[in-house]
Amino acid sequence: MQRNIAVLISGRGSNLQSIIDASRDGRLDARIALVISNRADAAGLERARAAGIEALVRDHKGWPSREAYESALVGDLRARDVQLVCLAGFMRLLGATFVDAFPAES
């Protein structure tokens, strides 16, 4: 069963493109359910949309605290049944609220 993954980006999306390519050609047994950027001008958002992947902007300035921002991200990911999160050039530090929601697999 394919797992749903999300990719968090902040820029051009070159790492995202590698993940898209690997998913499409079978090297990665996963479905990219969502791409999120903290920057509205991130070129990677267009890469995602061109590939038919849902893409959202979540600017941290729209939340009163790091915890509130991270809770919003977690809500976006859980709403799409994301099991694995890939940080592909995401330029924000993520704290316990986020990390505890998606613990590392062993």
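Thresholds, definitions, all that
- All residue numbers here refer to positions counted from 1 along the written sequence of the relevant chain.
- Residues qualify for local features only when their pLDDT is at least 70, as the model is predicted, and side-chain atom pairs are given and counted only at 80 or more; totals for whole chains, interfaces and linings, by contrast, use all residues.
- With hydrogens and water excluded, all non-hydrogen atoms of the structure serve as input to the side-chain values.
- Secondary structure elements are defined from DSSP: runs of H or I of at least 4 residues count as helices, runs of E of at least 2 residues count as strands, and each element is numbered from the N terminus.
- Just to be clear, the radius of gyration here is over C-alpha atoms, and the globule rule we use is 2.2 Å times residues to the power 0.38.
- When a residue's accessible area, from a 1.4 Å probe over protein chains only, is under 20% of the maximum for its type it is buried; when over 50% it is exposed; and in between it is partly exposed.
- The contact criterion used is simple: two residues touch if any of their non-hydrogen atoms lie within 4.5 Å.
- The Shrake-Rupley method, run with a 1.4 Å probe sphere, supplies the accessible areas, and residue values consider only the shown protein chains as cover.
- Counted as positive: Lys and Arg. Counted as negative: Asp and Glu. His and the chain ends are not counted at all.
- Where a charge lies is defined by one atom per residue type, namely NZ (Lys), CZ (Arg), CG (Asp) and CD (Glu).
- This arc is taken over the directions from the axis of the helix to the C-beta atoms.
- We call a set of buried residues a nonpolar core when its members are Ala, Val, Leu, Ile, Met, Phe, Trp, Tyr or Cys and they connect through side-chain atoms within 4.5 Å of each other.
- Side-chain rings of Phe, Tyr and Trp (the six-membered ring for Trp) are treated as a pair once their centres are within 6.5 Å; stacked means planes under 30 degrees apart, edge-to-face means over 60, and tilted covers the remaining angles.
- Strands are labelled as partners when DSSP assigns at least two bridges between them.
- Look down the strands so they point away from you; if the path from the first strand over the helix to the second goes clockwise, the crossover is right-handed.

Now for the overall build of the protein. On a plain count of helices and strands, the protein comes out with four helices and four strands. Written out in order from the N terminus, the α and β elements of the protein read β-α-β-α-β-α-β-α. Taken over C-alpha atoms, the radius of gyration comes to 13 Å for the protein, in line with the 13 Å a tight globule of 106 residues would show. A principal-axis box enclosing the C-alpha atoms of the protein has dimensions of 40 × 35 × 20 Å. Buried residues in the protein amount to 42% of all 106 residues. In the protein, once contacts between residues fewer than 6 apart in sequence are set aside, the share between residues at least 24 apart is 65%. Of the accessible surface of the protein, which amounts to about 6,000 Å², a share of 49% is contributed by carbon and sulfur atoms. Measuring between centres, the 14 positive side-chain charges of the protein sit 4 Å from its 13 negative side-chain charges.

For helix H1 (residues 14-24), the set of buried residues is Leu16, Ile19, Ile20, Ala22 and Ser23. End-on, the buried residues of H1 take up no more than an arc of 165 degrees, which puts them together on one face. Against the buried residues of H1 lie strand E1 (3-9), strand E2 (30-37), helix H2 (44-50) and strand E4 (84-87). Gly26 sits one or two residues past H1 and shows a positive phi near 90 degrees.

The tendency in soluble globular proteins is for nonpolar side chains to be buried as a group. By size, the foremost hydrophobic cluster in this structure holds 17 residues, and its most contacted members are Leu77, Phe98 and Phe102. With four residues, helix H3 (residues 66-79) is the single largest residue contributor to this core. If we ignore the near neighbours within four places in the chain, the residues touching Phe98 are Leu8, Glu70, Leu73, Val74, Leu77 and Val85. Counting residues in hydrophobic clusters, the runner-up holds 16 residues, among them Ile32, Ala42, Ala48 and Ile53.

Taken as a whole and assessed by the stated rule, the structure comprises two aromatic pairs. Where Phe98 meets Phe102, the ring centres are 5.5 Å apart and the plane angle is 40 degrees; that geometry is what we call tilted. In terms of burial, Phe98 and Phe102 fall into one category: buried.

With that settled, the discussion passes to the pairing of E1. When you tally the buried positions in E1, you get six out of seven residues, the bulk of the element. Direction of pairing for E1 relative to E2: parallel, over a ladder of seven bridges. Note that in E2 the partner of Ala6 across the bridge is Leu34. Of the crossover connections in this fold, the one passing from E1 over H1 to the parallel E2 is right-handed. With four bridges connecting them, E1 and E4 associate as parallel partners. Directly across from Ala6, in E4, lies its bridge partner Val85.

So, about the side chain of Asp76. Along the chain, Asp76 turns up in helix H3. When its relative accessible area of 10% is taken as the criterion, Asp76 is described as buried. Not counting residues up to four positions away in its chain, the partners in contact with Asp76 are Leu34, Ile36, Leu56 and Arg58.

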